[in-house]
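Geometric and topological summary
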Amino acid sequence: MKTIQVKDINNFEGTIIVPVFETTAHNVIPITFDDVEVSSRVFYGKKDSSYLVESKATTYLFVGLGKEIDYKSLKTIFRRVAANSKDIFGKSVVLALPKEFTSEQLEASISGLVLGTYNLGHYKKQFTHPFLGPEFELQILSENNYKEVTERAI
């Protein structure tokens with residue numbers, strides 16, 4: 001898996017992973033990202049939950065992180081995302097980082113995505129995880145430069 005840093009996702013087509021910290025279930029303000037709104041009655045970022053939205057040629061995977069999250073839990077959540085949602089991943093995947101994400105949280109997220117590619121029956125099947133393809137690049141959407149953190153995580 002290769003990673004690259006991006007500052008915007010204009011005209012992007014593919015899958016965008018959007019980690020969301022928990023709001024209240026009765027919050028009237030919807031969760032929004034890139035012109036996509038998700039009602040807080042449907043999804044509010046509860047830990048280990050996810051919500052899938054398709055808009056135009058882009059698939060948005062909102063991942064709930066809970067109110068507070070530790071390294072191990074975050075790694076486990078993203079491992080499950082990579083393992084259970086591999087059907088929605090293609091060559092173009094963006095990880096959109098919340099502003100409050102720390103470098104340790106990014107490291108746990110990417111490490112979890114890599115761990116989720118492990119397939120116990122890899123000798124039995126020819127299908128490999130999309131993240132393991134030679135042309136695959138995970139795009140990190142953030143204003144900060146996390147090159148060292150992403151290399152360490154992988």
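Our subject is the structure that appears above.
Below is a summary of the structure that appears in this document. (Residues numbered from 1 in each chain as written. Predicted model: local features only at pLDDT ≥ 70, side-chain atom pairs only at ≥ 80, totals over all residues. Heavy atoms only, no water.)

This part takes up the overall build of the chain. Counting its regular elements, the chain contains three helices and eight strands. Ordered by position from N to C terminus, the α and β elements of the chain give β-β-β-β-β-β-α-β-α-β-α. Compactness check: the chain gives a C-alpha radius of gyration of 15 Å against a globular reference of 15 Å for 154 residues, within 12% of the reference. Along the first, second and third principal axes, the C-alpha atoms of the chain reach 50 × 35 × 30 Å. Looking at the chain as a whole, 45% of its 154 residues qualify as buried. For the chain, the proportion of contacts with a sequence separation of at least 24, taken over those separated by at least 6, is 68%. Carbon and sulfur atoms provide 48% of the accessible area of the chain, an area that totals close to 9,200 Å². When the 18 positive and 19 negative side-chain charges of the chain are each reduced to one mean point, those points stand 8 Å apart. (Helix = DSSP H or I, 4+ residues; strand = E, 2+ residues; numbered from the N terminus. Rg over C-alpha atoms; globule rule 2.2 N^0.38 Å. Buried < 20%, exposed > 50% of the residue type's maximum accessible area, 1.4 Å probe, protein only. Contact = heavy atoms within 4.5 Å. Areas by Shrake-Rupley, 256 points an atom, 1.4 Å probe, with all protein chains shown as cover. Lys, Arg positive; Asp, Glu negative; His and termini not counted. Charge placed at Lys NZ, Arg CZ, Asp CG, Glu CD.)

As a further point, take the pattern of salt bridges. Summed over the entire model, instances satisfying the criterion amount to three salt bridges. Arginine 80 serves as the salt-bridge partner of aspartate 48, at 2.3 Å between the closest nitrogen and oxygen. Taken together, the residues aspartate 48 in the loop between strand 4 (36-38) and strand 5 (50-55) and arginine 80 in helix 1 (residues 71-84) connect sequence positions 32 residues apart. Residue arginine 80 is classed as partly exposed on the basis of its relative accessible area of 34%. (Salt bridge = Lys/Arg side-chain N within 4 Å of Asp/Glu carboxyl O.)

A word on helix 1. Spanning 14 residues, helix 1 covers 20 Å between terminal C-alpha atoms, matching the ideal 20 Å at 1.5 Å per step. Taken residue by residue, helix 1 has Ser73, Leu74, Ile77, Phe78, Val81 and Ala82 as its buried positions. (Expected span 1.5 Å × (residues − 1).)

Moving on to the nonpolar core. The biggest cluster of nonpolar side chains holds 27 residues, and the ones touching the most others in it are Ile17, Leu65, Phe78, Leu95, Leu106, Leu113 and Leu138. Elements represented by at least two residues in this core include exactly strand 6 (58-64), helix 1, strand 7 (92-96), helix 2 (103-115), strand 8 (137-141) and helix 3 (147-153). For this core, the element with the highest residue contribution is helix 1, accounting for five residues. Residues in contact with leucine 138, not counting those within four places in the same chain, are Met1, Lys2, Thr3, Ile4, Val93, Leu95, Ile110 and Leu113. Counting residues in hydrophobic clusters, the runner-up holds 17 residues, among them Val20, Phe43, Tyr60 and Val94. (Core = buried A, V, L, I, M, F, W, Y, C linked by side-chain atoms within 4.5 Å.)

The next point concerns the side chain of threonine 59. Along the polypeptide, threonine 59 turns up in strand 6. Excluding its chain neighbours within four sequence positions, the residues that come into contact with threonine 59 are Gly14, Thr15, Ile16, Leu52, Val53, Glu54 and Ile88.

Here we take up the sheet that holds strand 8. Sheet architecture is open: six strands sit in the order 1-8-7-2-6-5, paired in mixed fashion. The sheet terminates laterally at strand 1 (2-6) and strand 5, the two strands that pair on one side only. Looking at each pair of strands side by side, their axes are set apart by 25° on average, direction ignored. Here strand 2 (residues 14-20) pairs with strand 7 via three bridges, running parallel. Residue isoleucine 16 lies in a different strand from strand 7, and its bridge partner there is valine 94. The sheet strands contacting helix 1 are strand 2, strand 6 and strand 7, and the helix crosses strand 6 at an angle near 150°. (Pairing = 2+ DSSP bridges. Axes fitted to C-alpha atoms, helices over the stretch in contact; angles between N-to-C directions.)

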